[in-house]
Amino acid sequence: MLTVADVITLALPPGSSVAAGGVGLSREVTWATRIRASPPAFAHLTGGELVLLPVVVLGQLDERLTLEAAIHQLASFGVAAVALIGVATEAACIAADETGLPLLLLPPDAEPGPLERQAARIITDRRREVQRRGQEVFRRLMELAIAGEPLAGVVRALADVSGRAVILEGRDGRLLAYHAGPGQGPPREELEPLLTRDRPELVRWLRAEAASSPADPPTALYHLGRSWSRVVAPVIGRDGLLGSLSLVTLRARAAPEDGQATARGASACAIVLAREQAAFSARREVELHVLDEVLDGALRSEATLLQQARRLGHDLNALHAAVVLRLDQPNAGVPVRAQGRDERWEVLGEALARAAGGTAPRVLWRVRNNCAEILWPAASPAEALRAATTIRDDLSALAALGKDSSAATLVSVGVGVPQGGIEALRRSHQQAKHALALGRRLHGPGRLTSFDDLGVYRLIYAAEQLPELDALYEETLGSLLRYDREHNADLLRTLAAFFAANGSPKEAAERLQVHRNTVLYRLDRVRDITGFDLDDASLRLRMHLALHIHVALTDSDIAVG
C-alpha cells in the first residue's frame, strides 16, 4: 500500500507541505491525475487518486465554484488527497480538516502536466516494486511452509527478509512466536502488556475479517505504546480465524512493503497451521480411542493399550490425576449444552497448553455430553490442583472470547487423586466425577472440588458398592423418606438443618426460616417415625452419617453440616 505520506516523500517536488487534513495521510494512493479546465472535470475519478488541482482551473470550470466546495466534492468521490497549486483559503483548510482529506500545497512554479506524469510513473513503479518484493517474500515463505518448517522458523524467516520484528499470536491472543533483531521491537517482557492493551479492539477487527481469503488477507495498522506500531493480518484457516501475524515498526513508520510482507506471512502461517491441525486431528483420533479404552472400554489387552499410549508419548503407568470439567450457567446449575464439536469447547486445547506452560501438554482429554474429561500427569495432589485451577481459569477467560461470549459461563471442576496404571486411572476418573457432582451439589456451580477434600464422602464413595451401606441408609432414613414423600412434611431437611446448626433448634429454625417450636415439633416427629433418640450420641452419629449417604448417592439438594 502506497500512502499519501509516501507520495509526498517520493513523488512531490521539494517544498511541498500539508496545509490541512493531516489525519488522512495514511490513505492509500492508487493513481495520480489532474483536474482539467473543461467539464466534466470530476467524471474520471473512481477513488484513491492524488488529484493535482491548479486553483485557476476552478474559475475556468465555473466562476461560482470555490476551493472549499471543490474539496467537499472531491472528498465525496473518495480521492486520497488534493495537491494544490495556488493559495489555500482558510475555508478550504477547514473543509479539508472536516472531511479528513489531505490538502497538500505544491510550490508555485509546479507544472501539473509533467508532475502528473512523474507522480503516476513513481506510483506505478513503486507499486510494481512492492508487488515484486511481496512475491519474493511469498515464494520464500511458501518454500519453508511446504518443506515442513515449523511456525517459529517461518516467523524467523519473515523477520530476516523484512528487517522487522514479527509477532505470531493464537486466536486467544497467546503469543506463539516472536522474533526481533536489535532495535527492531520491544523486549519480549515489555511486548505482552502492549499486546494486551489493544487486544479488544483488535479482536473485533480480526473477527470481522475472518471470512477473508486465507491467501490474501487484509492488513491494519495498530499502535504498540508510544514508540512502536504494528501491521496486522489475520491468519485464516478453513474453519475461520486461527490467529494473527504482525510486523513491528517504529510508530507510524510502516512502509508499503510491510503490508505486503504481513499478508504473505499470514498466508504462509495459515498453511503451516493447517498442516499442524491436520496432524493434530489425526493424533487426536488415536488418543481418543486410547482414552475411551482406558476410562470405559472393555479392556482386551492392557499391554497392547499401554504400548499404544507409549507410542503417542503417554506413560499410563506414571501418576496421572483425572480432571472433569463442566460448563454451567451462573446461579442456575443448568448445564450448557456442549457436545464434542461445540464451539465452547474449542478453546480447551489452548487452555491445556497454557496449563503446561506453553508447551504441547502430554495429556489425554475428551468431551463427553456436557463435560470435558482429562488425564493430567501429576506427581502429587498439589500439582494436580494447580493444573486444574489454571485450566479452569483459562477456560473461563477463553470461553468469553468465543462466538457465544454473551452467555456467561461458569466452569465447575472435579479432581481425582493422582494414580498410575489403567485400573487406578479409572478410579481417579470416578473420583473426579464424584468430586464434581458433590461440589456442585454442596457449593453450587463454578467451584473446584478435589476428591481429597471430600472428607467423610470419600469413605462413602469407597463403600458405595457394599450392601452394608445400603442397609445402613435404609434402616436409618427409609421410614423418614417415605413419610416425607407421603405427607410433604420436610422432616429430612429439618434434621439436616439441626445437624448443620450443631444441635441448636434456634439456629436450625433460622436456617429454615421457621419458628423454633416448629423445629422442636418436627424433631419429635423424627423420633416417633424412626425410633431414634437424638439425645443418644451414637444414634445421632448414625443419622448424621446416613444423611451424608443421602447427599452423596442421590440428587438431593439438602445441605448437611
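Note that the coordinates shown come from a computational prediction; the quantities given were computed from them, not determined experimentally.

This part takes up the side chain of Glu-287. Along the chain, Glu-287 turns up in helix H9 (residues 256-296). Apart from residues lying up to four places away in sequence, Glu-287 is in contact with Leu-312, His-314, Val-363 and Leu-364.

Let's shift gears to the sheet that holds strand E9 (residues 228-237). The strand order E7-E6-E10-E9-E8 describes an open sheet built from five strands, whose pairing is antiparallel. Edge positions in the open sheet fall to strand E7 (175-179) and strand E8 (220-224), since each of these has one partner strand only. Between one strand axis and the next, the sheet turns through 25 degrees on average, direction left out of account. The strands touched by helix H8 (residues 199-208) are strand E6 (165-170), E8, E9 and strand E10 (240-250); relative to E9, the strand with the most contacts, the crossing angle is about 40 degrees.

Any two aromatic rings considered together are summarised by their centre-to-centre distance and by the angle between their planes. Applying the stated rule across the entire model yields two aromatic pairs. When the ring centre of Trp-365 is taken as origin, the NZ or CZ atom of Arg-284, which lies over that ring, is 3.7 Å away.

This next bit is on the pairing of strand E11 (residues 320-328). For E11, the tally of buried residues reaches nine of nine residues, placing the bulk of the element in the interior. The two faces of E11 match: His-320, Ala-322, Val-324, Arg-326 and Asp-328 on one face and Ala-321, Val-323, Leu-325 and Leu-327 on the other face are all buried. As paired elements, E11 and strand E14 (residues 410-415) share six bridges and run antiparallel to each other. Looking at E14, one finds that Val-324 is bridged to Gly-414.

By size, the foremost hydrophobic cluster in this structure holds 38 residues, and its most contacted members are Leu-477 and Leu-495. Taken together, the elements giving at least two residues each to this core come down to helix H13 (422-443), helix H14 (456-462), helix H15 (467-487), helix H16 (491-500), helix H17 (505-512), helix H18 (516-530) and helix H19 (537-553). Counting residues per element, this core draws most heavily on H16, at seven residues. Excluding anything up to four places from it in sequence, Leu-495 contacts Leu-477, Leu-480, Val-526, Leu-534, Met-543 and Leu-547. Membership of the second largest hydrophobic core comes to 25 residues, among which are Val-137, Leu-158, Ala-177 and Val-272.

How each quantity is defined
- Residues numbered from 1 in each chain as written.
- Predicted model: local features only at pLDDT ≥ 70, side-chain atom pairs only at ≥ 80, totals over all residues.
- Heavy atoms only, no water.
- Helix = DSSP H or I, 4+ residues; strand = E, 2+ residues; numbered from the N terminus.
- Contact = heavy atoms within 4.5 Å.
- Pairing = 2+ DSSP bridges.
- Axes fitted to C-alpha atoms, helices over the stretch in contact; angles between N-to-C directions.
- Phe/Tyr/Trp six-rings, centres within 6.5 Å; stacked < 30°, edge-to-face > 60°.
- Lys NZ or Arg CZ within 6 Å of the ring centre and 35° of its normal.
- Buried < 20%, exposed > 50% of the residue type's maximum accessible area, 1.4 Å probe, protein only.
- Core = buried A, V, L, I, M, F, W, Y, C linked by side-chain atoms within 4.5 Å.

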